[in-house]
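# Overview (structure and organization)
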Amino acid sequence: MRSQEKWSFDIDRAMDTWRQFMSSNPAIRPADLEELEIHLRDEWESLISRGMEPEKAFDEARRDLGDFSELSTSFEEVHFEKVFRKGQARSETHVIKTVLANYIKTAWRSLIRQKGFSTINILGLGLALAAAFVISMFIRHSLSYDQYLERADETYRIVLDRDFPGENSNQSFVTVGLAELIRAEWPGAEVVTQMYGR
Amino acid sequence: MSTKSLTGASIAAVILSILSNGDSYGYDIINQVRERSGDEIEWKAGSLYPVMHRMQTNGWIEDYWHEPKGERRRRYYRITPKGVKALEKERKQWMTTHRLLLSLWTEAGFSPEVAQ
């Protein structure tokens, strides 16, 4: 019973686990990983042919290959060099392009993967944008009042602000005869007119 | 035994030299190094492959997948003309160092053979 358990070691399953673990590092590309895997198998077979038990041989071969962090570091170094090679000026734009492409790619993927969340997000953003547009149009419209006048910055309209306790009011009409008074007494006013009334 | 820094300094030259004798793959290269050094030099796969990939980026070597009869599919490497040139430069440096040490040791009366 015991020996049976020992021999139940499944190399393919062990390989699968190892591969899955290793593939979590993007610096180790698929072709590199396949190369390492073949190396691991070669070493495993060689150890077995020297009389080692399969499971022990696998552990030994795996240790010989280098542990995950060791492999990761050395592959990342090369990966990093590859990205930052070939002249500083060119490599910088290259890096920016690569990073941007990566951002777009990951954004698109998470958009596809989380449909509900994305829908809420996009609808919310759309609503907010629409509100911002409406508000900005309203403000523009308000500020455009009387701006059609040729000398709008020198043109004034006189209104009446009444400030009584408990009652404030703003009115667009003023005391009778104010226009005539300004015309007669205030040389700074070039032209005075009134909209209606006398 | 070879120190880590010596391995680092010589690894490219050794790989290029092995590939000059014929195309090969990582596992085989490590074995060749072990056998030819009389079990003195044992490279780790984790340090060999990244170096190979760096040499590939340099344009010194090329890779291709190949499946010889009765064997498994493997990633083989071959030396490029640029690699031959790089090896030539390495060879010059190593031989210079070698001749320097040899001439000094001869004068000092050391035996050319070193105990293992």
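Small disclaimer: the values here were computed from a predicted structure and weren't measured.

Rules of the game
Residues numbered from 1 in each chain as written. Chains lettered and ligands numbered in written order. Predicted model: local features only at pLDDT ≥ 70, side-chain atom pairs only at ≥ 80, totals over all residues. Heavy atoms only, no water. 1 Å grid on protein atoms, 1.4 Å probe; cavity = no way out; pocket = protein on both sides within 12 Å on 5 of 7 lines; lining within 4 Å. Points joined across faces, edges and corners; volume = space filled by probe spheres on them. Helix = DSSP H or I, 4+ residues; strand = E, 2+ residues; numbered from the N terminus. Nonpolar A, V, L, I, M, F, W, Y, C, P; charged D, E, K, R; others polar. Contact = heavy atoms within 4.5 Å. Buried area = accessible area lost by both parts, 1.4 Å probe. Salt bridge = Lys/Arg side-chain N within 4 Å of Asp/Glu carboxyl O. Phe/Tyr/Trp six-rings, centres within 6.5 Å; stacked < 30°, edge-to-face > 60°. Pairing = 2+ DSSP bridges. Axes fitted to C-alpha atoms, helices over the stretch in contact; angles between N-to-C directions. Buried < 20%, exposed > 50% of the residue type's maximum accessible area, 1.4 Å probe, protein only. Polar contact = N/O pair within 3.5 Å; in protein donor to acceptor, adjacent residues only side chain to side chain. Expected span 1.5 Å × (residues − 1). Parallel < 35°, antiparallel > 145°, perpendicular 65-115°, else oblique.

In total, this model carries three cavities of 30 Å³ or more according to the counting rule given. Its volume calculated, the largest cavity comes out at about 60 Å³. Residue assignment for the lining of the largest cavity shows that the elements contributing at least two residues are helix 3 (30-49) of chain A together with helix 2 (26-36) and strand 3 (74-79) of chain B. Take the lining of the largest cavity: its biggest share by element is four residues, from helix 3 of chain A. Looking at side-chain class alone, the lining of the largest cavity contains four nonpolar, two polar and four charged residues.

Here we come to the interface of chain A and chain B. Between chain A and chain B, the residue contacts involve 24 residues of the former and 19 residues of the latter. Carbon and sulfur atoms make up 51% of the surface buried where chain A meets chain B, a total of about 2000 Å² over both sides. The largest per-residue losses of area from chain A upon contact with chain B belong to Glu 35, His 39 and Asp 42 of chain A, which jointly make up 28% of the total buried on that side. Taken together, the connections running from chain A to chain B amount to seven salt bridges.

Evaluated as defined, the whole model comprises three aromatic pairs over all chains. Relative to Phe 58 of chain A, the ring of Phe 9 of chain A has its centre 5.8 Å away and its plane inclined at 50 degrees; by these criteria the two rings are tilted. Of this pair, Phe 9 of chain A sits in the loop between helix 1 (2-7) and helix 2 (11-22) while Phe 58 of chain A is found in helix 4 (residues 54-65), placing the two residues 49 residues apart along the sequence. Ring centres 5.9 Å apart and planes at 25 degrees place the aromatic pair Tyr 64 of chain B and Tyr 76 of chain B in the stacked group. Here Tyr 76 of chain B lies in strand 3 and Tyr 64 of chain B lies in strand 2 (residues 61-66), a separation of 12 residues in the sequence. Ring pairing ties together the aromatic residues Tyr 25, Tyr 64 and Tyr 76 of chain B, which thus form one cluster.

Ordered in space as 1-3-2 (chain B), the three strands form an open sheet in which the pairing is antiparallel. Strands with a single pairing partner mark the edges of an open sheet, and in this sheet they are strand 1 (24-25) and strand 2 of chain B. Packed on one face of the sheet, helix 3 of chain A meets strand 1, strand 2 and strand 3 of chain B and runs near 105 degrees to strand 3 of chain B.

All names here are of chain B. Positionally, Ser 37 belongs in the loop between helix 2 and helix 3 (45-58). According to the relative accessible area criterion, Ser 37 is buried, its value standing at 19%. Polar side-chain contacts of Ser 37 include one of 2.8 Å to the backbone oxygen of Val 33. In terms of polar contacts, Ser 37 uses its side chain to reach the backbone amide nitrogen of Ile 41, at 2.9 Å.

An α-helical turn contains 3.6 residues, so any two residues separated by three or four positions project in the same direction. Residues and elements named next belong to chain B. Spanning 14 residues, helix 3 covers 20 Å between terminal C-alpha atoms, matching the ideal 20 Å at 1.5 Å per step. Counting buried residues along helix 3, 10 of its 14 residues qualify, which places the element largely inside the surrounding structure. Listed as buried for helix 3 are Ala 45, Gly 46, Leu 48, Tyr 49, Pro 50, Val 51, Met 52, His 53, Met 55 and Asn 58. Once helix 3 finishes, Gly 59 follows within two positions and takes phi at roughly 85 degrees, a positive value.

What follows covers the layout of surface pockets. Residues and elements named next belong to chain A. Roughly 1400 Å³ of internal volume is contained in the largest pocket. Residue lining of the largest pocket: 34 residues in total, with Tyr 156, Arg 157, Ile 158, Val 192 and Thr 193 positioned closest to the centre. Taken together, the residues of the lining of the largest pocket sort by class into 18 nonpolar, nine polar and seven charged.

Interaxial distance between helix 3 of chain A and helix 2 of chain B falls to 9 Å at its minimum, and their mutual angle equals 50 degrees. Of the possible angle classes, the one that applies to helix 3 of chain A and helix 2 of chain B is oblique. Two secondary-structure elements touch here, helix 3 of chain A through His 39, Asp 42, Glu 43 and Ser 46 of chain A and helix 2 of chain B through Gly 26, Tyr 27 and Ile 30 of chain B. Class assignment of the residues belonging to the contact of helix 3 of chain A with helix 2 of chain B gives a composition of two nonpolar, three polar and two charged.

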